[in-house]
Amino acid sequence: MLEKVIDIICRNVDIPREKITGDTNLLTDLGLQSIDFIDMVCDFEETFDVEVPERDLRKLVTVKSIVSYIEDNS
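Residues numbered from 1 in each chain as written. Predicted model: local features only at pLDDT ≥ 70, side-chain atom pairs only at ≥ 80, totals over all residues. Heavy atoms only, no water.

Enquirer: Is there a simple way to explain the overall build of the protein chain in this structure?
Expert: The secondary structure content of the protein chain amounts to three helices and zero strands. Reading the helices (α) and strands (β) of the protein chain from amino to carboxyl end gives α-α-α. Overall, the protein chain is about 30 × 25 × 20 Å in size when its C-alpha atoms are taken along their principal axes. When each of the 74 residues of the protein chain is scored for burial, the buried share is 38%. Intrachain contacts of the protein chain at a sequence separation of at least 6 include 52% that bridge at least 24 residues. Roughly 4700 Å² of accessible area belongs to the protein chain as shown, and the carbon and sulfur atoms make up 46% of that amount. In the protein chain, which carries 8 positive and 17 negative side-chain charges, the distance between the mean positions of the two groups comes to 4 Å. (Helix = DSSP H or I, 4+ residues; strand = E, 2+ residues; numbered from the N terminus. Buried < 20%, exposed > 50% of the residue type's maximum accessible area, 1.4 Å probe, protein only. Contact = heavy atoms within 4.5 Å. Areas by Shrake-Rupley, 256 points an atom, 1.4 Å probe, with all protein chains shown as cover. Lys, Arg positive; Asp, Glu negative; His and termini not counted. Charge placed at Lys NZ, Arg CZ, Asp CG, Glu CD.)

Enquirer: Just checking my understanding: could you explain helix α1 (residues 2-12) for this structure?
Expert: Every α-helix winds through 3.6 residues per turn, so residues three or four apart in the chain are directed the same way. Taken as a whole, α1 has its buried residues at Val 5, Ile 6, Ile 8 and Ile 9. Down the axis of α1, the sector holding all buried residues measures 160°, keeping them to one side. Along α1, exposed side chains directed more than 90 degrees from the buried face belong to Lys 4 and Arg 11. Where the residues of α1 are buried, they touch α2 (34-48) and α3 (63-73). (Arc of directions from axis to C-beta.)

Enquirer: Help me out: how do you make sense of the nonpolar core in this one?
Expert: Within soluble globular proteins, side chains that are nonpolar tend to cluster in buried spots. Counting residues in hydrophobic clusters, the biggest one holds 23 residues, and the most contacted among them are Val 5, Ile 9, Leu 26, Phe 37, Met 40, Phe 44 and Leu 60. Those elements that provide at least two residues to this core are α1, α2 and α3. Here Val 5 is in contact with Phe 44, Phe 48, Val 63, Ile 66, Val 67 and Ile 70, once residues within four sequence places are set aside. (Core = buried A, V, L, I, M, F, W, Y, C linked by side-chain atoms within 4.5 Å.)

See below:
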């Protein structure tokens, strides 16, 4: 699961894969803008067949938190 999440992140940001870990923060480490973040969340929803309501977007802070959220909600 972690590897798939990292793959999706790499498709959305121009950062080498080896620089992304479970502890990578989407905003501070990757500098994602809100539109990029929303596009990436849409990719997660499609890939993992999970729905992320707007109220849960704030839970997706690190790569690990995305993996946990997907595991808990799919």
